[in-house]
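If you want the building blocks of each chain, they are given just below.
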Amino acid sequence: MSLATTFLFFAIHLACIRAGNSSETFVKLECNEEYHGVYGQQSLLQCNVKAVENVTILTVTWKRVEADPLLLEFHKDTSNLTPGFKFAEPSWNKDNMNVSLLLTKTKMADKGVYECMVTTDRGDDTATTSLSVTAKYITPTMSSIPETNIKENTDVTIFCNSTGGQQTGLIWWFDQDGYNWTHRTELVAKETDDGLFSLSSKFTVQKATSSYTNYTCKVLNSNGAEEGVASFVIQLAPQVSEINADHLDSDSTTHWLAPVVVIGSLVIGLLAALLIFKRRSALRDHQPDTRHDGDVEAEGLNSDSPQDQRDSF
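Counting from 1, residues in each chain are numbered in the order their sequence is written. It should be noted that, the model being predicted, local features are given only for residues of pLDDT at least 70 and side-chain atom pairs only at 80 or more, the latter also being counted only at that level, while totals for whole chains, interfaces and linings use all residues. Think of the side-chain values as coming from all heavy atoms in the structure, minus any hydrogens and water.

> Tell me about the side chain of Thr-213, residues and numbers included.
Under the scheme used here, helices are H or I runs from DSSP no shorter than 4 residues and strands are E runs no shorter than 2 residues, and both carry numbers assigned from the N terminus. Tracing the chain through its elements places Thr-213 in the loop between β16 (197–208) and β17 (214–220). Throughout, exposure labels follow a simple rule: accessible area from a 1.4 Å probe, protein chains only, divided by the maximum for the residue type, with under 20% read as buried, over 50% as exposed, and the rest as partly exposed. On the accessibility criterion, Thr-213 (14% relative accessible area) is buried.

Below, the structure written as structure tokens:
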């Protein structure tokens, strides 16, 4: 009796081991070990369920190992999503083996190790992956004090600002000839609330002149790689000689333009008068003679000279 009991116990134990091994090998969750994300952009943590034959997914959970709350949970045909996290497949369902997680707008705080757990009708599995996040400085903006109409030989302070860097960076300054003025500048770096850094640098141009008005600032990350560049032109006031030249040009234009206008008006008036005179002369030459014969004879008699009238007597 004891031998039968021992055999039965051995058979049950062997069946359990085989069942366990079958469960472990029938469903496999595969994820890459590491992913790289960029601040402000989407990040994809890709994981897929591999099975020997078709299975139905019962539960999917995603969480960050360093935090307790679930970022995504699917259970009993219902999904609970944390804002900013969702399935990578827009129309995901329990028959879809792609259980990848999509971060819609990556933040610096999103970096870390993530854990995905999947339960199916034929077994379950768990896998982890890590996410690193990098950030780049944005294109810098530049300004100056004073801003415009700056007189020559006046000190001008130029500012260069940039934000969004992952670590403290640098700002280099150059003039229009490429000379590096960084050693004459001041730089302030601050960490912002989102875990990034902002850079603010200023450079004072002493006794600015029209010979050197173009300046450039370049933003470098902590590794010395350039991430942004901007240029600025000092807005000097027009020189007095330029203003006088413009005034003289205006006066000279007025001096020669006035006589031309007067002469032109006279010529147009004379041409108009001549045209009117010719038209009147042409009308008189073509006017018909409507007088009667008697009037013509009388006019002819009346037109005899006084000498002819004396001869007739």
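> Kindly report on the side chain of Asn-98, identifying the contributing residues and their values.
With respect to the element layout, Asn-98 can be found in the loop between β8 (85–87) and β9 (101–103). Classification of Asn-98 as buried rests on a relative accessible area of 14%. Contacts: residue pairs with any heavy atoms within 4.5 Å of one another. When near neighbours in sequence (up to four residues on either side) are disregarded, Asn-98 contacts Cys-47, Asn-48, Glu-89 and Trp-92.

> Give a detailed account of the nonpolar core, specifying residues and quantitative values.
Ranked by size, the top nonpolar core spans 30 residues in total, and within it Leu-29, Val-60, Trp-62, Val-99 and Tyr-114 carry the most contacts. Elements supplying a minimum of two residues to this core: β1 (27–31), β4 (47–51), β5 (57–64), β6 (70–75), β8, β9, β10 (112–120) and β11 (123–134). Those residues in contact with Val-99, other than ones at most four positions away along the chain, are Leu-29, Cys-47, Val-49, Ile-57, Val-60, Trp-62, Phe-87, Trp-92, Cys-116 and Val-118. Residues Ile-150, Val-156, Ile-158 and Val-219 belong to the second largest nonpolar core, which totals 19 residues. Among buried residues, the Ala, Val, Leu, Ile, Met, Phe, Trp, Tyr and Cys ones that are joined through side-chain atoms within 4.5 Å form a nonpolar core.

> How would you sum up the environment of Tyr-35? Please name residues and give values.
Tracing the backbone through its elements, the reader meets Tyr-35 in strand β2 (residues 34–38). With a relative accessible area of 12%, Tyr-35 lands in the buried category. Leave out the neighbours within four places in its chain, and Tyr-35 touches Leu-44, Leu-45, Gln-46, Thr-129, Ser-130, Leu-131 and Ser-132. A distance of 2.9 Å separates a polar atom in the side chain of Tyr-35 from the backbone oxygen of Gln-46. Contacts described as polar in this section are N or O atom pairs within 3.5 Å, which, within protein, must combine one atom able to donate a hydrogen with one able to accept it, while residues neighboring in sequence count only if both atoms come from side chains.

> Can you tell me about the pattern of salt bridges, naming the residues and giving the values?
For salt bridges, the criterion is a side-chain nitrogen of Lys or Arg within 4 Å of an Asp or Glu carboxyl oxygen. Taken as a whole, this structure holds 5 salt bridges when the rule is applied. The shortest N-O distance in the salt bridge between Arg-122 and Glu-53 comes to 2.9 Å. With Arg-122 in the loop between β10 and β11 and Glu-53 in the loop between β4 and β5, this pair connects stretches of sequence that are 69 residues apart. In this structure Glu-53 comes out as partly exposed when scored by relative accessible area, which is 44%.

> Tell me about the sheet that holds β6, residues and numbers included.
If you trace the 6 strands from one edge of the open sheet to the other, you get β2-β11-β10-β5-β6-β7, paired in mixed fashion. Since the sheet does not close on itself, it has two edges, and those belong to β2 and β7 (78–81), each with one partner. Strand-to-strand, the axes of this sheet are offset by a mean angle of 15°, without reference to chain direction. When β5 meets β6, the two strands line up antiparallel, connected through 5 bridges. Residue pairing across strands places Thr-59 opposite His-75, the latter belonging to β6. Note on pairing: two strands pair once DSSP finds at least 2 bridges between them. Geometry is summarised by axes, namely lines fitted to C-alpha atoms with helices restricted to the contacting stretch, and by angles between N-to-C directions that run from 0 to 180 degrees.

> Quick rundown of the packing of aromatic side chains? Include the residues and the values.
Pairing of aromatic rings covers Phe, Tyr and Trp, the last counted by its six-membered ring, and requires centre-to-centre distances within 6.5 Å; plane angles under 30 degrees mean stacked, over 60 mean edge-to-face, and any other angle means tilted. Following the criterion strictly, the structure yields 6 aromatic pairs and no others. Between Phe-74 and Trp-92, the ring centres sit 4.9 Å apart and the planes meet at 80°, which makes this aromatic pair edge-to-face. A residue pair is termed long-range when its members are at least 10 positions apart, and Phe-74 in strand β6 and Trp-92 in the loop between β8 and β9 qualify at 18 residues. The same class applies to Phe-74 as to Trp-92, namely buried. Seen from their ring centres, Trp-173 and Phe-203 are 5.7 Å apart, and the 50° between their planes marks the pair as tilted. Taken together, the residues span a long stretch of sequence, with Trp-173 in strand β14 (residues 170–175) and Phe-203 in strand β16 at a distance of 30 residues.

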